[in-house]
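Each chain, written out:
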Amino acid sequence: MDSFVFSLNSTIPIFLVMIIGYVIRRLGIVDEHFATVANRYVFKVSLPVLLFRDLSTADFKADFDLKFVLFCFIVTFLIFSLTWLFTEIFMNDDSMKGAFVQASCRSSAAILGIAFIENIYADAGMAPLMIVAAVPLFNIFAVIILTFKAHPELHGKPANTDLSKKDTIKKAAINIAKNPIIIGILLGLASSLAGFTYPAIINKTIANIAQTATPIALICIGASFEGSKAIKKIKPTVIASFIKLILLAAIFVPIAILMGFRNQELIAILIMLASPTTVTCFVMAKAMDNDEVLSSSIVVLTTLLSSVTLTAWIFILRYFALI
């Protein structure tokens, strides 16, 4: 029951903020222009600052575990690669592929990971290591996929039909190097390893900016959510949600158990695999000319269902005395 209540407290407020965004858009308090500008702020400012804050305060030297880091890195590589491969084979609509792959694989690892582990074990434990191993690769793969599968015509822009494969690869490399989220992660990691400490004024400023990331992103999802269009994309939404919340964990959590991971390590892996789709998927899909309607639908559905699925996963792991 404690796990169920905790999962509800972690996910339902997120879903309710999305609903508030939807309502205030329908009331005319905010409009599409607001959502576009706010998305840009979240992507370029508040999310990178959030990741910098979480990583810069972690003690990687004391907690480093190469086996755990390699596991998270390799599994992240596999889930993106295999999901992209099967999407190319089975999905006909090319305009949805980038959003589908990204939202099927990218978890709310940075936002929920530390919160879940601290709730169960009273300290962040392995969450920062999981973030370092998985989140940069989440973003690198996302940038590559969204660059290759960009459809500017979805947003009234001319299609980039004249781009060669070489040009697209070059554009993807530039987008990775310029990605604010990756920059925030690298700066946070460097700050932690260098042992930098900052005055209270700086720390408070960083914290204030970081705290705006999630609520503004959620409001933007709700404000941009188009129910009629989302209903038309219910099949890929349900399939992506099944992959995100159930399939990935069903495949890789047993492997993690066989490899000897337990307690904080296993919870961090579970969060990496089976937490709801991160709101960053919507932000990046819209910023990079992909299908933000499908992205927002998957974020909404995985957030709503995760209170049940994550609770079930935690119950199973506790039942077998693995956490």
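Residues numbered from 1 in each chain as written. Predicted model: local features only at pLDDT ≥ 70, side-chain atom pairs only at ≥ 80, totals over all residues. Heavy atoms only, no water.

Asker: Before we go on, may I ask you to explain the overall build of the chain in this structure?
Answerer: Within the chain one finds 16 helices and 0 strands. Taken across its 323 residues, the chain has 53% of its residues classed as buried. The contacts of the chain with a sequence gap of at least 6 include a subset with a gap of at least 24, amounting to 86%. As displayed, the chain has an accessible area near 14,500 Å², and 69% of this comes from carbon and sulfur atoms. (Helix = DSSP H or I, 4+ residues; strand = E, 2+ residues; numbered from the N terminus. Buried < 20%, exposed > 50% of the residue type's maximum accessible area, 1.4 Å probe, protein only. Contact = heavy atoms within 4.5 Å. Areas by Shrake-Rupley, 256 points an atom, 1.4 Å probe, with all protein chains shown as cover.)

Asker: Even after reading the chapter, I still don't get the nonpolar core, so can you show me in this structure?
Answerer: Counting 83 residues, the largest nonpolar core has Met130, Leu270 and Leu273 as its most contacted members. With 13 residues, helix α7 (residues 127-148) is the single largest residue contributor to this core. Residues within four places of Leu270 in sequence aside, it is in contact with Ala249, Val253, Ser275, Leu310, Trp313, Ile314 and Leu317. (Core = buried A, V, L, I, M, F, W, Y, C linked by side-chain atoms within 4.5 Å.)

Asker: When you look at a nonpolar patch on the surface in this model, what are you seeing that I'm missing?
Answerer: A surface patch of nonpolar side chains, amounting to about 1,200 Å² of accessible area, comprises Phe64, Leu66, Leu70, Phe73, Ile74, Phe77, Leu78, Leu82, Leu85, Phe86, Ile89 and Phe90. You can see Leu66 is positioned in helix α4 (residues 66-90). (Patch = residues over 30% accessible without salt bridge, like charges linked within 9 Å, V, L, I, M, F, W, Y side chains within 5 Å. Salt bridge = Lys/Arg side-chain N within 4 Å of Asp/Glu carboxyl O.)

Asker: What's the story with the pattern of salt bridges in this structure? I'm lost.
Answerer: Side chains carrying opposite charge are able to pair once their charged atoms draw close together. All told, the structure shown has 7 salt bridges when counted by the stated rule. We note a salt bridge from Glu32 to Lys286, for which the minimum N-O separation is 2.5 Å. Of this pair, Glu32 sits in helix α2 (residues 32-56) while Lys286 sits in helix α15 (residues 280-287), placing them 254 residues apart in sequence. Classification of Glu32 by relative accessible area gives partly exposed; the value is 33%. Three or more residues are tied together by salt bridges with common partners; here these are Glu88, Asp94, Lys97 and Lys149.

Asker: Help me out: how do you make sense of helix α14 (residues 263-274) in this one?
Answerer: Given 3.6 residues per helical turn, the α-helix brings residues three or four places apart onto the same face. The first and last C-alpha atoms of α14 sit 16 Å apart over 12 residues, in line with the 16 Å expected at 1.5 Å per residue. In terms of burial, α14 is largely enclosed, as 11 of its 12 residues are buried. Here α14 has its buried residues at Gln264, Glu265, Leu266, Ile267, Ala268, Ile269, Leu270, Ile271, Met272, Leu273 and Ala274. (Expected span 1.5 Å × (residues − 1).)

Asker: I tried to follow helix α11 (residues 213-224) on my own but got confused; where do I start?
Answerer: Along its 12 residues, α11 runs 16 Å from first to last C-alpha, staying within 8% of the 16 Å computed at 1.5 Å per residue. Within α11, 9 of the 12 residues are buried, leaving the element largely enclosed by the surrounding structure. Those residues of α11 not exposed but buried are Ala213, Thr214, Ala217, Leu218, Cys220, Ile221, Gly222, Ala223 and Ser224.

Asker: Would you mind going over the packing of aromatic side chains with me for this structure?
Answerer: For any two aromatic rings, the description comes down to two numbers: the centre-to-centre distance and the angle of the planes. Scanning the entire structure with this criterion turns up 11 aromatic pairs. For the ring pair Phe80 and Phe141, a centre distance of 5.0 Å and an interplane angle of 10 degrees mean the geometry is stacked. Taken together, the residues Phe80 in helix α4 and Phe141 in helix α7 connect sequence positions 61 residues apart. Here Phe80 matches Phe141 in class, with each residue buried. (Phe/Tyr/Trp six-rings, centres within 6.5 Å; stacked < 30°, edge-to-face > 60°.)

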